[in-house]
Amino acid sequence: MKAKVPITSQKRVVVIGGGFGGLKFARKLAKYDFQVVLLDKINYHQFQPLFYQVATAGLEPSAISFPLRKVFHKQDNVVIRLAEVTSVNTKESFVVTDIGEISYDYLVVAIGADTNFFGNEKIKSNSLPMKSTVEALNIRNRILQNYEEALSIEDAADQQAHMNIVVVGGGPTGVEVAGTLAEMRKNILPKDFPELKFERMQIYLLEASPKLLNGLSQKSSEKSKEYLDKLGVNVRLETRVKDYDGNTVFLENSQIQARTLIWAAGVIGNKLEGIPADVLVRGNRIKVDRFNKMEGSENVFALGDVCFMTEEKFPNGHPQVAQVAMQQAENLARNLGGILKNEDMKPFTYRDLGSMATVGRNLAVVDFPFMKIQGFFAWLIWMFVHLMSIVGAKNRVLIFINWAWNYITYDQSLRLIIKDPKKKK
Ligand SMILES: Cc1cc2nc3c(=O)[nH]c(=O)nc-3n(C[C@H](O)[C@H](O)[C@H](O)COP(=O)(O)OP(=O)(O)OC[C@H]3O[C@@H](n4cnc5c(N)ncnc54)[C@H](O)[C@@H]3O)c2cc1C
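No experiment lies behind these values; they were computed from the predicted model shown. (Residues numbered from 1 in each chain as written. Predicted model: local features only at pLDDT ≥ 70, side-chain atom pairs only at ≥ 80, totals over all residues.)

Draft legend 1. Here's a closer look at the pairing of strand β2 (residues 34-40). Here β2 lies mainly inside the structure; seven of its seven residues are buried. Crossover handedness for the path strand β1 (residues 11-16) to helix α1 (residues 20-29) to β2: right-handed. As defined by bridge partners, β2 adjoins strand β5 (residues 78-82) across five bridges and the pair is classed as parallel. Along β5, the bridge assignment pairs D40 with L82. (Buried ≥ 20, exposed ≤ 12 C-beta atoms within 10 Å, placed from the backbone. Helix = DSSP H or I, 4+ residues; strand = E, 2+ residues; numbered from the N terminus. Right-handed = clockwise from strand over helix to strand, strands pointing away. Pairing = 2+ DSSP bridges.)

Here's what the structure looks like:
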């Protein structure tokens, strides 16, 4: 069955994924004389760097989401379809989706990555990942639900397990979520649940390597640990989680009792049937050349988290971050646009603009290529950069107001358990 998509005289570029890479690419390519067909299984763009604030009840999900259709109100050469792509036929140039088949002249795969549980099914089914807005909301629900349940528990150890939270993965996400939870424990939770003793609640951040924030400088890594120590987070380095049954976290030589385990320990590229196995490298990434063209293909491109491109400075591929996806998207749009004018393609070169992570109120670390900053000033930079990167002026204002309100009152009134009460846990 063919999907209903308008037929025009323009060449058709099908883009799978409206994330950082796909959305930027579609916006840039829409300026050229192509028909751009943007497919995504959800109808909004998600701002993943602020998922942790949704998970910790600091922001509403709608503040970090933006409807894809609204982005293209003024672009009539862009066709949007809410569709999950299940496979691709690279020989006959069409994709198979849950709304039917769609042919393409050029295909751009920007499907991003998902949580990597490293093959441990038990951890997968018992822990909470944070790779979508829905998953961030699941974390919020679980944490709040656990405290509601803890109120009725007589057994002290069981009550403590309901209150403890373990975060696995000491990258920016793990650091940010652990720091924010520590602030909730200090400023908010004791007011919401005065019958519970929050001095007993333990927050653990477990990292398998010897340092936090591996992609950042030594100084930033050390500072982030110092900040978390100050906030009372139990940071355990060189600590690998062996297993988790929903109640006990099994480590090499010890155990932690916790009903909530947030898994932020790694990502793996989303797989698409029909992409030849020999172009997939470690982490399910699609091997592309410096023009983002998939190895062995003339009209299939991949960008962002799901692609693997090497440069002299990046022999193991680029970091899986938003800047890489967006810069590749711009370059690829320019290159495909150039085809219409018979221009030569320009190879991609990544400009590293820096990395950052916030640990809590007034605390952040920022590594620019030319300078490293920590503390309050870094925190202001972190807020400014994130605010300016959000899609949509209304979302920007909403987030600013939320942050200002939170800063002044120490309290956000978003601690809602949004789920169907008729459904069991
Ligand atoms: C919690 C968290 C925090 C992060 N923080 C930062 C940060 O602070 N700074 C930073 O630079 N990076 C950060 N990242 C990484 C950054 O979000 C990614 O590098 C970036 O999103 C990659 O962009 P992308 O376009 O490749 O994929 P994505 O943005 O993930 O987009 C993929 C899109 O494809 C869609 N899709 C997937 N499969 C299909 C299918 N089969 N059919 C249809 N649609 C499909 C998805 O719905 C999604 O919309 C963070 C990531 C997470 C999870």
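Draft legend 2. View of the pairing of strand β16 (residues 248-251). Here strand β15 (residues 241-244) pairs with β16 via three bridges, running antiparallel. Pairing of V241 across the sheet is with L251, part of β16. Where β15 folds back on β16, the antiparallel hairpin that results is connected by three residues, among which G246 adopts a positive phi of roughly 100 degrees. The sheet contact formed by β16 and strand β17 (residues 255-257) spans three bridges and is antiparallel. Pairing of T248 across the sheet is with Q257, part of β17. Connecting β16 to the next strand, β17, in antiparallel fashion are three residues.

Draft legend 3. Up close: the sheet that holds strand β12 (residues 165-168). In space, the five strands of this open sheet follow the order β11-β18-β12-β13-β14, with parallel pairing throughout. Each of the sheet's edge strands pairs with one partner strand only, and the pair in question is β11 (128-129) and β14 (234-236). When β12 meets strand β13 (residues 203-206), the two strands line up parallel, connected through four bridges. Within β13, the position partnered with V168 by the bridge is L206. In the packing of helix α7 (residues 172-187) onto the sheet, the strands contacted are β12, β13 and β18 (260-263), and the crossing angle to β13 comes to about 170 degrees. (Contact = placed C-beta atoms within 7 Å. Axes fitted to C-alpha atoms, helices over the stretch in contact; angles between N-to-C directions.)

Draft legend 4. Quick look at the site of the ligand. With respect to spatial proximity, 32 residues lie near the ligand, and among them G17, G19, G21, G112 and G304 are the closest. Among the elements of the structure, α1, β2, α7 and α10 (322-340) are those that each provide at least two residues to the shell around the ligand. Both domains that furnish three or more residues to the shell around the ligand are identified here as domain 1 (11-41 + 83-115 + 267-340) and domain 2 (121-265). (Near = placed C-beta within 6 Å. Domains from an automatic or database assignment.)

Draft legend 5. Focus on α1. Of all 10 residues in α1, eight are buried, a share of seventy percent or more. Turning to α1, its buried residues are F20, G21, G22, L23, K24, F25, A26 and L29.

By themselves, these figures tell us nothing about what the structure is for.
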